[in-house]
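Listed here are the chains, written in short residue letters.
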Amino acid sequence: MSTAAPTTRRRPAGSPLAGFLLRRLGTSILLMVGVTIVTFALTNLVPGDPVSAALGEGASQNPATREAFIREHGLDQPAVAQYFLYMGNLLQGDLGRSIVTGRPVSADLATAVPATLEIAVCAIVVSLALSILLGTLAAYRRGLVTDQIVRVVTLVGLSIPTFWLALLCFSFFFLQLGIAPGSGRISPAITPPPTITGLYTVDYLLNGDPVGFLDALAHLALPVLVLSLVTTGLLTRFIRTAVLEVLSSDYVRAARAKGLSGARVVFDYVLRGAALPILTVTGVAFGALLSGTVLVESVFAWPGLGTYAYNAAANLDLSAIMGVGLVVGLVYLVINLIVDLLYGVLDPRVRLA
Amino acid sequence: MRASARFRTRSAAAVAFAAATALVLAGCSGGNSATKDDEGAAAGSLVIDTAFSIETADPGHTYDPTGNMLAKALYETLVDFEGSDVSTPVPGLATWTENDAATEFTFTLEDGRVFSDGSPITADDVVYSLTRVQGMAEAKPNFLLNGITIEAVDEQTVRFTTETPLLQLPAILANPALGIVNAGVAQANGGSGDADDSAQSFLDGESAGSGPFVLDSLDLTSQIVLTKNEKYNGDEESAYDRVVIRNVTESATQLINLQGGDSMVALDLNGDQVEGLGDGFTVDSVPSGQTIFLLLNQSADIAGELANVKIAEAIRYGLDYDALLELAGAGATQATGVIPTGFEGALEDGVAQDLERAKAALAESGYAGQKLTLQFPNDYPVGGVEFTPLAERIQDQLAGIGLDVELAPAPFATELDAYVNGTEGFGLWFWGPDYADSANFLPFAPGLKVGLRAGWAADANPEIAGLAATAASATDPETRTADFTAFAEAMQADGPFVPLIVPGRNIATADTVAGAVYNSVWDVDIAEITPAG
C-alpha cells in the first residue's frame, strides 16, 4: 500500500526459508481455525439428536440421565460457547470422546490415520511411477497406438467404480488365483506389532519381525493396487498434457537438436520441466486419496480414516466427525505446504517470498 | 547437469540404504509370536467375520449384538439358553425357584465354580455385578433391572424381589449384559458401581469373568482376540485355544473370506449370498427376533383425519406378503403379528391379502385421495432387508387399493428422531427384543413405548391396554401364553401397526467347523463352535 514500501521494507531476519515457513505457519494456523469453525458449524447443523445417539434408547428416555449428559457435554450452552469450549479442549489435545468406540477421538485417530496413510502413501508412489511412465510414453507417441492404449487404460481407471474394482480384484487375486491374502491389515494368526508409528509394515521392521512385515506387506498389496489404478487414471492424463507442453518448448527442441540421448532428454529436460504441474496434481491426488479411501477400506476391512469417518457419520458421533474434519483439513494444509516447499526445490525461479 | 548427476547419485544411494536397512531389519532374529511360537495353535484358531456393532467389552455397558456375543464368551450369566431356543431358560451359573406371586426369585449358585483368576464365584459377586448395572445410570442395559431388589442370602444364594410379578426375570437374567464379574478385580480397577464407575477402561483391556474365554485384545475398529480360559470349570469348554473376531463390514468381503478359507464363520451374509455358497459350507438360516413393521400414527395432530386404525387395517389387508418376502431372502418369514414366531403367544398365521376388505376399510377410514408420506431409514438394512426396495414395493402394492404413497427416505441417525418422538405419520421401522421374552413386544400396546410413537395413547383402546397389562403381570406360566396370544390377536385386529417381515439370520460356516447356531440374544455362542467331525 505504502508508496515507500519497495525501498523501506526490511528483509525479515534469518534465512528466506525460515521467513517463508513462519508466514506459512501463521497462514496455516488461521486456516485451521477456519476449518474448526466450518466443521463445528456443519456438524451442529446436522439434523438428529446426538443425546439419543449417545445414550441409546433406554438411557436417553430417562430425563435425569439425559439432563446430566447434556450438562456434562455443554450441550445446554449457546453454540458460540460450545465452540469455545471445544476449542479450549482442542488446544489441550482433547478432541472429545467417540460415542461409538467410547475412546478419546485422538486415540481413535491415532490408529485410523496411520492405517490410511500406509495405503495412501504406497498408492501415490505406485501411481506416480506408473503415470510418469504412461504419461510420458503417451506424450512421446502422441496420436499413435500407444497413446490410444494409454488413453483407454486411463479412461477405464477413471470411470470404473472403485467399489466394484476392489471387489473384483479381491475375488480374483484371493479367491481365484490364491496369491493374495484375505481382508484386513494382517492375517488372523499374526499378532499386531507394538505401536511405534502405527504403520504396520514399518513397526514390524522396527521390531525385527520379518514374518509380520511380509504378512503386512502382502495385505497392503491389493488395496494399494486398486487405489493406485484409480489415481493413475487421473495422474497419467495430467502428466501427458504437461509433458506435451514441455515437448513443444524451445529448450527441449534445442536439447534434441544437440543430439542428446532420448533418456537424457526425458529425465533432464522434459520431466524437470513438467515437474511443477506434476507436483501440484500429485498433491491434490494424495489429499483425495487420504480422504477418499472409504470404499476401498470397506471392501478390504481396512480400519482406516474412511471407515472411521463413515461410522462416525452414520452414528451421529459428533466429536469423531469433527476430529475427522480437522485431520482432513490438516492433511490438505500440510500437503500444500510441502508442495510449495518442493516448488522452490524443483525450480529455483520460484521465489520463496 | 552436474547438479542432476549429483541428485541421481544421492537418490540411488538413498534407495540402496533404505533397501539395505529393510533387509537387515527383516533378517534380524524375531518373528511374529502368534505364528512363530505355536504353528499348531495358530492353525487351530477360530476366525469369525462380522460387521462390528460393539462399544465395549464391559458387560455392564454392553448393549449391542457383537458386544453381547463377546460378553457371552467372557462372562457367565445366572441363566442360560441352549442353542437357538430362547423360549425355555435353563440354569447357567445358578438354578432358581420362584414364589407363586412371581415376585421373589431365589437363585442358588453352582458349587465350585471359579473366575479366570481361580477365585470362587460367590453371591457377593452376583450382587455386585447386577447392582453395578443398576447403579450406572448412563449404562445402556441399566433399565433391565429397574425396580428389582437384589440381595445375598448366603455365600451361594441370591434373592431377587420385584415390585410387580415378573415371570420373565429368568429370561432377563440371561442377557449377557448381566454377566457376573469378579467383584474384587472390578472394584480394584474403578468399579464403584455408581455413576462414577470407571472399570470400563480396565475391562476393555482385560476380562474378569468365568466364561470359557478370556480377553486377549480388543480393538473396536478391527478385531477382538480371545484365548481359552484355562481355569474354566463349567460345561461349555471351548474346543479352540484362540478365537479371532474380525470387523468385516462388507458382507461381500465376508463371503469371499469364507470361500477363500480366511475365515470359518460369517455372520452377516444375506439370503442371496448364502444361497450361492455351494458345497463345502453349512448355513443355519432362521428367522431373527426382529420384526419389520409399518406404523400409522393415531394422533390427529400428525395424521389429521386419517388418525384411525382403519387406515392400518386397509394397508394390512392390501399388501401381498409373499411378494414382500421375495426381498428378504433365506430364513425370513412373514410376520404373524407383533410377537415374532418362536416367542410365547405368537400367532400361527399372518394376514393374507384381501383386497375387498382392504378397500372397505379404506373407505371407512376417511381416505379421500390424500398423499401418505412413508418415512423410513434408507441406510440401515435389518437382517439383509434393504428398506428402500421394500418401501418401493409397498408403495406399488398400495397403489393397487387406491392409496397414494410418497416415499421419504432419510439416514437412520436423522430419521430415528422422528420415529422416537412420534412425529412420523406413516413409518417403516423395526423392533427387536431386549431379552428373550414376549414381554418385549408389549410396548406396542396403547400408552406404551412403541404405541406412543404411533400417537396411540392408553385411552385409545383400553381393551388392548388391559390385555397388555394382564400379560405383563401374569403369575401363572400356563395362562401367560394365552394372555400374550390374546394381546397379539387384538393388535392384529385393531392396532395401528402392520407387521410385515421377520428377517432371516444366516450363520454361514465352512464345513471344517460345527455348532454355530443363531441365538436372538447373543447371535452365536462361540464356545459351542467346535471342529467338525
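Calculation criteria
Residues numbered from 1 in each chain as written. Chains lettered and ligands numbered in written order. Predicted model: local features only at pLDDT ≥ 70, side-chain atom pairs only at ≥ 80, totals over all residues. Heavy atoms only, no water. UniProt positions renumbered as here; feature names shortened; annotations may be inferred. Helix = DSSP H or I, 4+ residues; strand = E, 2+ residues; numbered from the N terminus. Rg over C-alpha atoms; globule rule 2.2 N^0.38 Å. Buried < 20%, exposed > 50% of the residue type's maximum accessible area, 1.4 Å probe, protein only. Contact = heavy atoms within 4.5 Å. Areas by Shrake-Rupley, 256 points an atom, 1.4 Å probe, with all protein chains shown as cover. 1 Å grid on protein atoms, 1.4 Å probe; cavity = no way out; pocket = protein on both sides within 12 Å on 5 of 7 lines; lining within 4 Å. Points joined across faces, edges and corners; volume = space filled by probe spheres on them. Nonpolar A, V, L, I, M, F, W, Y, C, P; charged D, E, K, R; others polar. Salt bridge = Lys/Arg side-chain N within 4 Å of Asp/Glu carboxyl O. Patch = residues over 30% accessible without salt bridge, like charges linked within 9 Å, V, L, I, M, F, W, Y side chains within 5 Å. Phe/Tyr/Trp six-rings, centres within 6.5 Å; stacked < 30°, edge-to-face > 60°. Lys NZ or Arg CZ within 6 Å of the ring centre and 35° of its normal. Pairing = 2+ DSSP bridges. Axes fitted to C-alpha atoms, helices over the stretch in contact; angles between N-to-C directions. pLDDT = per-residue confidence, 0-100. Parallel < 35°, antiparallel > 145°, perpendicular 65-115°, else oblique. Left-handed = near helix turned anticlockwise from the far one by under 90°. Core = buried A, V, L, I, M, F, W, Y, C linked by side-chain atoms within 4.5 Å. Domains from an automatic or database assignment. Buried area = accessible area lost by both parts, 1.4 Å probe. Polar contact = N/O pair within 3.5 Å; in protein donor to acceptor, adjacent residues only side chain to side chain.

An unreviewed UniProt entry lists chain B under the name ABC transporter substrate-binding protein, from Agromyces archimandritae. Within the UniProt record for chain B, the comment given under Sequence similarities (unreviewed entry) is "Belongs to the bacterial solute-binding protein 5 family." Looking at chain B in UniProt, the text filed under Subcellular location (unreviewed entry) is "Cell envelope".

Peer 1: I'm lost on the overall build of chain B in this one. Help?
Peer 2: From N to C terminus, chain B includes 19 helices and 23 strands. The C-alpha radius of gyration of chain B comes to 27 Å, within 12% of the 24 Å expected for a compact globule of 533 residues. Its C-alpha atoms put chain B at 85 × 80 × 50 Å along the principal axes. Within chain B, buried positions represent 54% of all 533 residues. When contacts within chain B are restricted to residue pairs at least 6 apart in sequence, long-range pairs at least 24 apart make up 70% of them.

Peer 1: Explain the overall build of chain A to me, please; I cannot follow it from the model alone.
Peer 2: If you tally the helices and strands in chain A, you get 15 helices and 0 strands. The buried share of chain A, reckoned over its 353 residues, is 43%. Considering only residue pairs separated by 6 or more positions, chain A has 71% of its internal contacts joining residues 24 or more positions apart. In the form shown here, chain A has an accessible surface area of approximately 17700 Å², with 69% of it arising from carbon and sulfur atoms.

Peer 1: Would you mind going over the layout of surface pockets with me for this structure?
Peer 2: A volume near 1500 Å³ is recorded for the second largest pocket. For the second largest pocket, the lining is made up of 49 residues, of which F69(A), H73(A), R97(A), S98(A) and I99(A) are closest to its centre. Listed by contribution, the elements that provide at least two residues to the lining of the second largest pocket are α2 (16–45), α3 (50–60), α4 (63–72), α5 (79–91) and α15 (318–346) of chain A together with α8 (200–203) of chain B. Examining the composition of the lining of the second largest pocket, we find that 4 residues originate from one element, α5(A), more than from any other. Taken together, the residues that form the lining of the second largest pocket break down as 20 nonpolar, 17 polar and 12 charged.

Peer 1: Just to check I follow, could you spell out the UniProt feature "domain: Solute-binding protein family" (unreviewed entry) in chain B for this structure?
Peer 2: According to UniProt, the feature "domain: Solute-binding protein family" (unreviewed entry) maps to residues 88–443 of chain B in the numbering used here. Annotated as residues 88–443 of chain B, this span is 26% helix and 23% strand, and its ends, taken at the C-alpha atoms, are 22 Å apart.

Peer 1: Explanation requested: unusual backbone geometry in the structure shown.
Peer 2: Trans is the common state for peptide bonds, and a negative phi is the common state for residues other than glycine. The backbone of A301(A) shows a phi angle near 45°, a positive value even though the residue is not glycine. With a phi close to 60°, D523(B) is a non-glycine residue in the positive phi region. Its place among the elements puts D523(B) in strand β22 (residues 523–524).

Peer 1: Mind showing me how you'd approach the pattern of salt bridges here?
Peer 2: Any two side chains of opposite charge can pair if their charged atoms end up close together. Throughout the structure, instances matching the rule amount to 24 salt bridges over all chains. Linking D108(A) and R103(A) is a salt bridge whose minimum nitrogen-to-oxygen distance equals 2.8 Å. For the salt bridge of E55(B) with K140(B), the shortest nitrogen-to-oxygen distance reads 2.7 Å. Residue E55(B) is located in the loop between β1 (46–50) and α4 (65–74), and its partner K140(B) is located in the loop between α5 (123–135) and β6 (148–154); the two are separated by 85 residues in the primary sequence. Its relative accessible area of 21% is what places E55(B) among the partly exposed residues.

Peer 1: Help me understand a nonpolar patch on the surface in this model?
Peer 2: A surface patch of nonpolar side chains, amounting to about 500 Å² of accessible area, comprises L330(A), V334(A), I338(A), L342(A), V345(A) and L346(A). With respect to the secondary-structure elements, L346(A) resides in helix α15.

Peer 1: It is not clear to me how the packing of aromatic side chains should be interpreted in this structure. Could you clarify?
Peer 2: Here a ring pair, both rings aromatic, is described through the centre-centre distance and the interplanar angle of the planes. A full pass over the atoms with the stated rule returns 24 aromatic pairs over all chains. Geometrically, the ring pair formed by F172(A) and F173(A) is edge-to-face, given 5.2 Å between the ring centres and 80° between the ring planes. Classification of F172(A) by relative accessible area gives partly exposed; the value is 41%. The partly exposed category is assigned to F173(A), whose relative accessible area is 23%. Here the aromatic rings of W456(B) and F497(B) are separated by 6.4 Å at their centres, their planes lie at 80°, and the arrangement is edge-to-face. Here F497(B) lies in strand β18 (residues 497–502) and W456(B) lies in the loop between α17 (449–453) and α18 (462–472), a separation of 41 residues in the sequence. Here the two residues W456(B) and F497(B) agree in accessibility, since each one is buried. Each member of the aromatic cluster is reached from another via a ring pair, and the members are Y380(B), F387(B), F412(B), Y419(B), W429(B) and F430(B). Sitting over the face of the ring of W522(B), K72(B) holds its NZ or CZ atom 4.1 Å from the ring centroid.

Peer 1: Would you explain the sheet that holds strand β16 (residues 404–410) of chain B in this entry?
Peer 2: Pairing between the strands of a sheet comes from backbone hydrogen bonds, and it takes one of two forms, parallel or antiparallel. Residues and elements named next belong to chain B. Strand order in the open sheet made by the 6 strands is β14-β18-β13-β17-β15-β16, with mixed pairing throughout. Here the strands that pair on one side only, and so sit at the sheet edges, are β14 (333–334) and β16. When strand β15 (residues 371–377) meets β16, the two strands line up parallel, connected through 7 bridges. In the strand pairing of β16, F376 is matched with P409. Each of β13 (291–296), β15, β16, β17 (426–431) and β18 touches helix α15 (residues 387–399); the most contacted strand, β17, lies at about 135° to it. On the sheet, helix α16 (residues 412–420) packs against β13, β15, β16 and β17 and is oriented at approximately 105° with respect to β17.

Peer 1: Please explain the confidence of the model for chain B as it appears in this structure.
Peer 2: Reading fine detail from the predicted coordinates is not recommended where pLDDT is low. Summing up the model confidence of chain B, the mean pLDDT is 89 and the portion of residues at 70 or higher is 92%. Considering only residues more than four positions removed or in separate chains, one finds that residues 1–30 of chain B, a stretch of pLDDT under 50, has 14 contacts.

Peer 1: What's the story with the pairing of β6(B) in this structure? I'm lost.
Peer 2: Residues and elements named next belong to chain B. Direction of pairing for β6 relative to strand β7 (residues 157–162): antiparallel, over a ladder of 6 bridges. Paired with D154 across the strands is T157, a residue of β7. With antiparallel pairing between neighbouring strands as the criterion, β6 and β7 make up a hairpin whose turn holds 2 residues.

Peer 1: I'm lost on the sheet that holds strand β9 (residues 223–228) of chain B in this one. Help?
Peer 2: All names here are of chain B. The strand order β8-β9-β10-β1-β11-β19-β12 describes an open sheet built from 7 strands, whose pairing is mixed. Each having just a single partner strand, β8 (213–218) and β12 (281–287) make up the two edges of the open sheet. Bridge count for β9 against strand β10 (residues 242–247) is 5 bridges, and the pairing is antiparallel. Bridge assignment links Q223 to a residue of β10, and that residue is R246.

Peer 1: Got a minute to help me understand the side chain of S263(B) in this structure?
Peer 2: With respect to the helices and strands, S263(B) occurs in the loop between α9 (251–259) and β11 (265–266). Given the relative accessible area of 2%, S263(B) is considered buried.

Peer 1: How should the packing of helix α6 (residues 105–140) of chain A against α15(A) be read in this particular structure?
Peer 2: If you want to describe how two helices pack, look at the angle between their axes and the distance between the axes. All names here are of chain A. Contact geometry for α6 and α15: axes closest at 10 Å, N-to-C directions at 50°. In terms of their interaxial angle, α6 and α15 are classed as oblique. The handedness of the crossing between α6 and α15 is right-handed. Of α15, the residues touching α6 (which contributes V105, L109 and V113) are S319, A320, G323, V324 and V327. Tallied by class, the residues present in the contact of α6 with α15 amount to 6 nonpolar, 2 polar and no charged.

Peer 1: I tried to follow the nonpolar core on my own but got confused; where do I start?
Peer 2: Residues and elements named next belong to chain B. One finds L78, F160, L428 and L500 to be the most contacted residues of the largest nonpolar core, which totals 103 residues. For this core, the two domains that each supply at least three residues are domain 1 (7–285 + 506–531) and domain 2 (291–502). Other than its neighbours up to four places away in sequence, L500 contacts I292, F293, L294, L319, Y321, L324, Q334, A335, I394 and L428.

Peer 1: When you look at the domain arrangement of chain B in this model, what are you seeing that I'm missing?
Peer 2: Put simply, an interface is often sized by how much accessible area is lost when its parts join up. All names here are of chain B. In terms of domain boundaries, chain B breaks down into domain 1 (7–285 + 506–531) and domain 2 (291–502). The straight-line distance from the C-alpha centre of domain 1 to that of domain 2 is 33 Å. Taken residue by residue, the interface counts 23 residues in domain 1 and 18 residues in domain 2. Counting the surface lost from both domain 1 and domain 2, the interface buries some 1500 Å², and carbon and sulfur atoms represent 61% of this. When the buried area of domain 1 at its contact with domain 2 is split by residue, P165, L167 and Q168 rank highest and sum to 34% of it. Counting the contacts that link domain 1 with domain 2 gives 0 salt bridges. Our enumeration of links across domain 1 and domain 2 arrives at 3 residue pairs in polar contact (both at pLDDT 80 or more). Mapped onto the side of domain 1 that touches domain 2, the elements with two or more residues apiece are β3 (85–91), α6 (169–173) and α10 (271–275). At 3 residues, α10 tops the list of elements feeding residues into the side of domain 1 that touches domain 2. The residue makeup of the side of domain 1 that touches domain 2, split by class, is 13 nonpolar, 8 polar and 2 charged.

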